[in-house]
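# Close look at the chain arrangement
Read off the chains here:
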Number of protein chains: 2
Amino acid sequence: METLSTNIAHGGMQGVYSHASGATNTDMTFSVFVPPHAPGAALPVLWYLSGLTCTHANVTEKGEYRAACAEKGVIFIAPDTSPRGDEVADEDSYDFGKGAGFYLDASEAPWSRHYRMRSYIEEDLPALIADQFPMADMTRQGITGHSMGGHGALTIALRNPARFRSVSAFAPIVAPMQVPWGQKALPRYLGEDRETWRRYDACALIDDGARVPELLVDQGLADNFLADGQLRPELLEQACERAGIDLTLRRQPGYDHSYYFISTFMADHVAWHAERLK
Amino acid sequence: METLSTNIAHGGMQGVYSHASGATNTDMTFSVFVPPHAPGAALPVLWYLSGLTCTHANVTEKGEYRAACAEKGVIFIAPDTSPRGDEVADEDSYDFGKGAGFYLDASEAPWSRHYRMRSYIEEDLPALIADQFPMADMTRQGITGHSMGGHGALTIALRNPARFRSVSAFAPIVAPMQVPWGQKALPRYLGEDRETWRRYDACALIDDGARVPELLVDQGLADNFLADGQLRPELLEQACERAGIDLTLRRQPGYDHSYYFISTFMADHVAWHAERLK
């Protein structure tokens, strides 16, 4: 692991790091905020998965999580959204290829060579964190994310209920099989067999029996991607109702899809996770 | 005034606006956060002047002021740091020309044509704010800033004590006549007569009799520009002691010159100003 930068902030340490990932076969960059803590302390970990076009940097700069994480004693980890590098297949599109890894392991060429963000978030990066950040208590992990990263948080948590004690999301894609973003990305990354898509669709996972104890979701009502039918929180609502999952879905009048929305409710989410990760 | 963007955030409205400035003879862009408030309310105003290389966008994205301004009911205004546009004289330098207006009215060609940031902040933009934001109570203004913008905040407040009830700064340039940044910029903008420089040097203004009731300054001790001798907070300390100005200078171990530093102490500064602007 290479340290790219460290800055003291809110009494803790905001770092940006790089490592050679065996999952993606590329170098990957991520950020970690370690709050102020006593020597030898074991701290819970909150993962934040970012949305389309983002890197680790967007939430690190604009997310306004550090004050809350410092107050609650929570480590905050922000990975990238796709493999990077000249050798990585890409196309000129904001919602497919680089910056749009959809937190899946691609099976189709040429994407299958590097687009393995599921393995990266589920196995590779947590192993590195456990090894390099001794204050991280990997028995107490929560996960959240925004938009495509909300999709990532929901699906990864639903497939790994033993790993995460708490799950939330900001304006998540809840049913990629039923919306244009997913209908573009899933067949190209995964092939035409829709059964394989279901492992990457939160609503389908729930219908197939996956469970988490509860969910917190914030959704801005002035979100243009809500209006465009990319998010469809009502589908998550219906799936949770069918499954008996305790979903708190807060529809926030006036809020859009930007970091102005995320940063407004970030402290709420950090506190919500901290309570469950105590 | 043209509205470039508006986003709901922390219950208020973060806007970015543009207008044709009579002071700089250019279009100028600035941001205003209006906190949630009752209809007809009159709200205090906090000006934030940015540092070298910045525009309004840096603090707007990274400053973490909105939660505190929403809680305290304070309007937050972030202007640009220089005139902009193809017609504006410039050179390939981070600390002179565009992004480095030093909040002065230049007297020397070619800079005198557009580099009039003093008039812009002292007269032009406040008149626009008073006209366009009826909830802004212009009898209750405070000012702060970072680095070159800390210099701007201090010098503008010292020259206009009746306008500002509260003044603070983050890692300010306190004595440009005595440090490399100022010794490069002042002669080129203002000419060789050092007497004219004194109106743009906080320590010289204090020595010449300018007064504010009190000052709050935060300075990171791991700030590379502190080590380089660009900031020299001890000179402000000495000037305030000679003048009997109540300076609270907080030296913050471990903090650097970045927005990680600024955002950490921003809520403190907003609360400090809000208390004095009640």
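Structure first, text after, so check above.
Attention in this report is confined to the structure presented alongside it. (Residues numbered from 1 in each chain as written. Chains lettered and ligands numbered in written order. Predicted model: local features only at pLDDT ≥ 70, side-chain atom pairs only at ≥ 80, totals over all residues. Heavy atoms only, no water.)

## Section: the side chain of A:Asp218
All names here are of chain A. You can see Asp218 is positioned in strand S8 (residues 214-220). A relative accessible area of 0% means that Asp218 is categorised as buried. Among the polar contacts made by the side chain of Asp218, one reaches the side chain of His269 at a distance of 2.6 Å. Residues within four places of Asp218 in sequence aside, it is in contact with Ala169, Phe170, Ala171, Pro172, Arg250, Gln252, Phe261, Phe265 and His269. (Helix = DSSP H or I, 4+ residues; strand = E, 2+ residues; numbered from the N terminus. Buried < 20%, exposed > 50% of the residue type's maximum accessible area, 1.4 Å probe, protein only. Polar contact = N/O pair within 3.5 Å; in protein donor to acceptor, adjacent residues only side chain to side chain. Contact = heavy atoms within 4.5 Å.)

## Considering the environment of B:Ile173
Residue and element names in this part refer to chain B. Looking at where Ile173 falls in the secondary structure, it is placed in the loop between strand S7 (164-170) and helix H5 (180-190). Residue Ile173 is classed as buried on the basis of its relative accessible area of 0%. Measuring from C-alpha to C-alpha, the distance between Ile173 and Ala68 comes to 25 Å, with 105 residues separating the pair along the chain. Every residue in contact with Ile173, bar those within four places of it in the chain, is listed here: Phe102, Ser147, Met148, His151, Val179, Trp181, Gln230 and Leu231.

## Let's talk about the interface of chain A and chain B
Across the boundary between the two partners, chain A contributes 19 residues, which contact 19 residues of chain B. When chain A packs against chain B, close to 1,800 Å² is buried across both sides, 49% of that on carbon and sulfur atoms. For B:Glu64, the salt bridge goes to A:Arg66, with nearest N and O atoms at 3.4 Å. On inspection of chain A and its partner chain B, the count reaches 10 residue pairs in polar contact (both at pLDDT 80 or more). Of all the secondary structure elements, the ones that give two or more residues to the side of chain A that touches chain B are strand S1 (2-9), helix H1 (56-62) and helix H10 (259-276) of chain A. Of the residues forming the side of chain A that touches chain B, the biggest block, 4 residues, is contributed by H10(A). In terms of residue class, the side of chain A that touches chain B is made up of 5 nonpolar, 9 polar and 5 charged. (Buried area = accessible area lost by both parts, 1.4 Å probe. Salt bridge = Lys/Arg side-chain N within 4 Å of Asp/Glu carboxyl O. Nonpolar A, V, L, I, M, F, W, Y, C, P; charged D, E, K, R; others polar.)

## A short note on the sheet that holds strand S9 (residues 246-252) of chain B
All names here are of chain B. Taken in spatial order, the 9 strands make up an open sheet running S1-S2-S3-S5-S4-S6-S7-S8-S9, and their pairing is mixed. On the outer flanks of this sheet lie strand S1 (2-9) and S9, each paired with one strand and no other. This sheet shows a mean twist of 20° between the axes of neighbouring strands, independent of strand direction. In the sheet, strand S2 (residues 12-21) pairs with strand S3 (residues 26-34) via 9 bridges, with the strands oriented antiparallel. Across the sheet, residue His19 finds its bridge partner in S3, namely Met28. Sheet strands in contact with helix H3 (residues 117-132) are S2, S3, strand S4 (43-49), strand S5 (75-79) and strand S6 (136-145), and its direction is about 55° off that of S3. Lying on the sheet, helix H4 (residues 148-159) is in contact with S4, S6, S7 and strand S8 (214-220); it crosses S6 at an angle near 135°. (Pairing = 2+ DSSP bridges. Axes fitted to C-alpha atoms, helices over the stretch in contact; angles between N-to-C directions.)

## Here we look at the pattern of salt bridges
Applying the stated criterion to the full structure yields 32 salt bridges over all chains. Note that B:Asp137 is salt-bridged to B:Arg140, the shortest N-O span being 2.8 Å. The same class applies to B:Asp137 and to B:Arg140, which are both buried. Shared partners join several salt bridges into a network, and the residues in it are A:Arg118, A:Glu122 and A:Arg159.

## Observations concerning unusual backbone geometry
All names here are of chain A. At the junction of Ala109 and Pro110, the peptide bond is cis and its omega measures out at 0° in the coordinates. Mapped onto the secondary structure, Pro110 falls in the loop between strand S5 (75-78) and helix H3 (117-132). Unusually for a residue other than glycine, Thr53 sits at a positive phi of about 80°. When you line up the elements, Thr53 lands in the loop between strand S4 (43-49) and H1.

## Focus on the layout of surface pockets
The gaps of empty space that remain are located by a probe, the size of a water molecule, rolled over the atoms. In this structure, the largest pocket spans a volume of roughly 330 Å³. In terms of lining residues, the largest pocket is bounded by 19 residues, among which B:Cys54, B:His146, B:His257, B:Ser258 and B:Tyr259 are the most central. Of all elements in the fold, only helix H1 (56-62) and helix H10 (259-276) of chain B reach the threshold of two or more residues within the lining of the largest pocket. Per-element tally for the lining of the largest pocket: the top contributor is H10(B), with 3 residues. Class assignment of the residues belonging to the lining of the largest pocket gives a composition of 7 nonpolar, 8 polar and 4 charged. Surrounding the second largest pocket, 14 residues form its lining, A:Glu64, A:Ala67, A:Ala68, B:Glu64 and B:Ala67 being those nearest its centre. (1 Å grid on protein atoms, 1.4 Å probe; cavity = no way out; pocket = protein on both sides within 12 Å on 5 of 7 lines; lining within 4 Å. Points joined across faces, edges and corners; volume = space filled by probe spheres on them.)

## Things to note about H10(A)
All names here are of chain A. The terminal C-alpha atoms of H10, which comprises 18 residues, lie 24 Å apart, in line with the 26 Å expected from a rise of 1.5 Å per residue. Along its length, H10 shows its largest kink, about 40°, at Phe265. For H10, the buried fraction is high: 13 of the 18 residues fall into the buried class. You can read the cap of H10 off the contacts: a side-chain oxygen lies 3.1 Å from the backbone nitrogen of Tyr260, and it is on Ser258. (Expected span 1.5 Å × (residues − 1). Bend = angle between axes of the 7 residues up to and from the residue.)

## Digging into the relation of the copies chain A and chain B
Superposing chain A onto chain B takes a rotation of 180° combined with a translation of 0.0 Å along the rotation axis, leaving an RMSD of 0.0 Å. Given the turn and translation reported, the copies of this chain are related as if by a two-fold rotation axis. The rotation axis passes nearest to the C-alpha of A:Lys62 in chain A, at a distance of 2.7 Å. The fraction of interface residues of chain A whose copies in chain B are also interface residues reaches 100%, indicating that both copies meet through the same surface. (Least-squares fit on C-alpha atoms with pLDDT ≥ 70 in both.)

## Concerning the packing of aromatic side chains
This structure, assessed with the given rule, holds 32 aromatic pairs over all chains. Plain terms: the ring middles of A:Phe96 and A:Tyr189 are 4.4 Å apart, the flat faces sit at 25° to each other, and that makes the pair stacked. Highlighted residues: A:Phe96 in the loop between S5 and H3 and A:Tyr189 in helix H5 (residues 180-190), separated in sequence by 93 residues. Overall, the relative accessible area of 0% leaves A:Phe96 in the buried class. Chaining the aromatic ring pairs together yields one cluster made of A:Phe33, A:Tyr48, A:Tyr65, A:Phe76, A:Phe170, A:Tyr255, A:Phe261 and A:Phe265. A cation over an aromatic ring shows up here: B:Arg66 above the ring of B:Tyr65, its NZ or CZ 5.0 Å from the ring centre. When the ring centre of B:Trp47 is taken as origin, the NZ or CZ atom of B:Arg163, which lies over that ring, is 5.1 Å away. (Phe/Tyr/Trp six-rings, centres within 6.5 Å; stacked < 30°, edge-to-face > 60°. Lys NZ or Arg CZ within 6 Å of the ring centre and 35° of its normal.)

## Examining a negative patch on the surface
All names here are of chain A. Together, Glu2, Asp27, Asp86 and Glu87 make up a negatively charged patch on the protein surface. Tracing the backbone shows Asp86 in the loop between S5 and H3. Among the residues examined, Asp86 registers a relative accessible area of 81% and is labelled exposed. (Patch = residues over 30% accessible without salt bridge, like charges linked within 9 Å, V, L, I, M, F, W, Y side chains within 5 Å. Areas by Shrake-Rupley, 256 points an atom, 1.4 Å probe, with all protein chains shown as cover. Lys, Arg positive; Asp, Glu negative; His and termini not counted. Charge placed at Lys NZ, Arg CZ, Asp CG, Glu CD.)

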